[in-house]
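# Structural features, examined
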Protein chains: 2
Amino acid sequence: MLEDFLHVSITCRNIDSSIDFYERIGLTMTKRLPEVVEDGIMTAFRLPKGRLSVAYLSAPQGRSKMFIDLVQWLEPEAAGQAYPVLNNVGLNRLAFRVKDLDATVSVLKMSGIEFLSEEPQRFGDGIRSIVTTDPDGTFVQLVEGL
Amino acid sequence: MLEDFLHVSITCRNIDSSIDFYERIGLTMTKRLPEVVEDGIMTAFRLPKGRLSVAYLSAPQGRSKMFIDLVQWLEPEAAGQAYPVLNNVGLNRLAFRVKDLDATVSVLKMSGIEFLSEEPQRFGDGIRSIVTTDPDGTFVQLVEGL
């Protein structure tokens, strides 16, 4: 029956900008399908068309085999906006385990990545965490100690 | 630096209903924190308060160590709605690897779970997939063959 988590899918407006962002935070692109046209996707997703550009991004050091199924819809084009707040109902935030959060944040800040708080925040039993957003505003959380 | 995927967080309106749904599709609750009050979360998430009810849900057969960080916000309460369409920008869909999709769908249909298409749809190189929604409308995809 249900074996495991497989992937989380992120819809983006510009797949090259999003690939660049996720590679900068440390993921590796493992697959790139510039144009997929599938009636099965259209039917499964209840959309009028199923034409999309896809990239898979994995954590190179990770054992989870999880990946991001990054999708730029070609037909239909992407709709709406990413959730504006971290308490919006729905799939709200994707979290990564980070070994040395301060060093990681320092490197990412130097590469121009901005965070919602000035410094990582502490909570729970020794958990430290900071949140950033991808080019479309999707919330991405870095977590140490969980 | 970035080690691996850690979790995906889902904001729900009623945590008991959502726990019930995710247990019915085959996950196991591994942690339950009925009330967390943390200024660190408030600051990290740029919210006016940080009072929330939390459950972790894992795939019992899975090796990924991934989990769902299921959150019912107490203060502030949840905002907005889940994305209405599968091409909405943002974290759009959470996918699980399933061994016998037809058997799984059959069992889930008997338990009252509804899907966006009548039957699993085929695409790519032998991939079969079907999509359902959690109690708040969050898209959950079951995938066989990927």
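Below is a short write-up of the structure. Remember, predicted model here, so these are calculated numbers, not experimental data.

## A look at the interface of chain A and chain B
Between chain A and chain B, the residue contacts involve 77 residues of the former and 78 residues of the latter. When chain A packs against chain B, close to 7,200 Å² is buried across both sides, 62% of that on carbon and sulfur atoms. Of all residues in chain A, Leu2, Phe5 and Leu91 of chain A give up the largest surface area on contact with chain B, accounting jointly for 13% of the area buried on that side. Taken together, the links from chain A to chain B amount to two salt bridges. Note that Asp69 of chain B is salt-bridged to Arg93 of chain A, the shortest N-O span being 3.1 Å. Summed over the shared surface of chain A and chain B, the result is 38 residue pairs in polar contact (both at pLDDT 80 or more). No other element matches strand S1 (residues 2-11) of chain A, which puts 10 residues into the side of chain A that touches chain B. A per-class count over the side of chain A that touches chain B returns 42 nonpolar, 22 polar and 13 charged. Note that S1 of chain A and strand S5 (residues 90-98) of chain B share eight bridges and pair antiparallel.

## Quick word on the relation of the copies chain A and chain B
The two copies are related by a screw motion: chain A maps onto chain B through a turn of 180° and a shift of 0.0 Å along the axis, at an RMSD of 0.0 Å. Overall, the copies show the geometry of a two-fold rotation axis. Minimal C-alpha separation from the rotation axis in chain A is found for Ser64 of chain A, amounting to 1.9 Å. Both copies contact each other with a shared surface, as 100% of the interface residues of chain A are interface residues in chain B too.

## Focus on helix H3 (residues 101-110) of chain A
All names here are of chain A. Taken together, the buried positions of H3 are Leu101, Thr104, Val105 and Leu108. Looking straight down H3, one finds its buried side chains confined to an arc of 95°; they lie on one side. The inward-facing, buried residues of H3 abut helix H1 (15-24), strand S5 (90-98), strand S7 (127-133) and strand S8 (139-144). Where H3 terminates, the next one or two residues include Gly112, which has phi positive at roughly 95°.

## Concerning the environment of Val36 of chain B
Residues and elements named next belong to chain B. With respect to the helices and strands, Val36 occurs in strand S2 (residues 28-37). Take Val36: its relative accessible area is 15%, and that puts it in the buried class. It is 20 Å that separates the C-alpha atoms of Val36 and Leu6, two residues lying 30 residues apart in sequence. Each residue touching Val36, except ones within four places of it in the same chain, is listed here: Ile41, Gly50, Arg51, Leu52 and Val54.

## Observations regarding the sheet that holds strand S7 (residues 127-133) of chain B
Sheet architecture is open: eight strands sit in the order S2(A)-S3(A)-S4(A)-S1(A)-S5(B)-S8(B)-S7(B)-S6(B), paired in mixed fashion. One side of each edge strand has no neighbouring strand; the edge strands of this open sheet are strand S2 (28-37) of chain A together with strand S6 (121-123) of chain B. The average angle at which neighbouring strand axes cross in this sheet is 30°, direction not considered. For strand S3 (residues 51-58) of chain A and strand S4 (residues 67-75) of chain A, the ladder comprises eight bridges, and the chain directions are antiparallel. Residue pairing for S4 of chain A: Ala55 of chain A is matched across the bridge by Leu70 of chain A.

What counts, and at which threshold
- Residues numbered from 1 in each chain as written.
- Chains lettered and ligands numbered in written order.
- Predicted model: local features only at pLDDT ≥ 70, side-chain atom pairs only at ≥ 80, totals over all residues.
- Heavy atoms only, no water.
- Contact = heavy atoms within 4.5 Å.
- Buried area = accessible area lost by both parts, 1.4 Å probe.
- Salt bridge = Lys/Arg side-chain N within 4 Å of Asp/Glu carboxyl O.
- Polar contact = N/O pair within 3.5 Å; in protein donor to acceptor, adjacent residues only side chain to side chain.
- Helix = DSSP H or I, 4+ residues; strand = E, 2+ residues; numbered from the N terminus.
- Nonpolar A, V, L, I, M, F, W, Y, C, P; charged D, E, K, R; others polar.
- Pairing = 2+ DSSP bridges.
- Least-squares fit on C-alpha atoms with pLDDT ≥ 70 in both.
- Buried < 20%, exposed > 50% of the residue type's maximum accessible area, 1.4 Å probe, protein only.
- Arc of directions from axis to C-beta.
- Axes fitted to C-alpha atoms, helices over the stretch in contact; angles between N-to-C directions.

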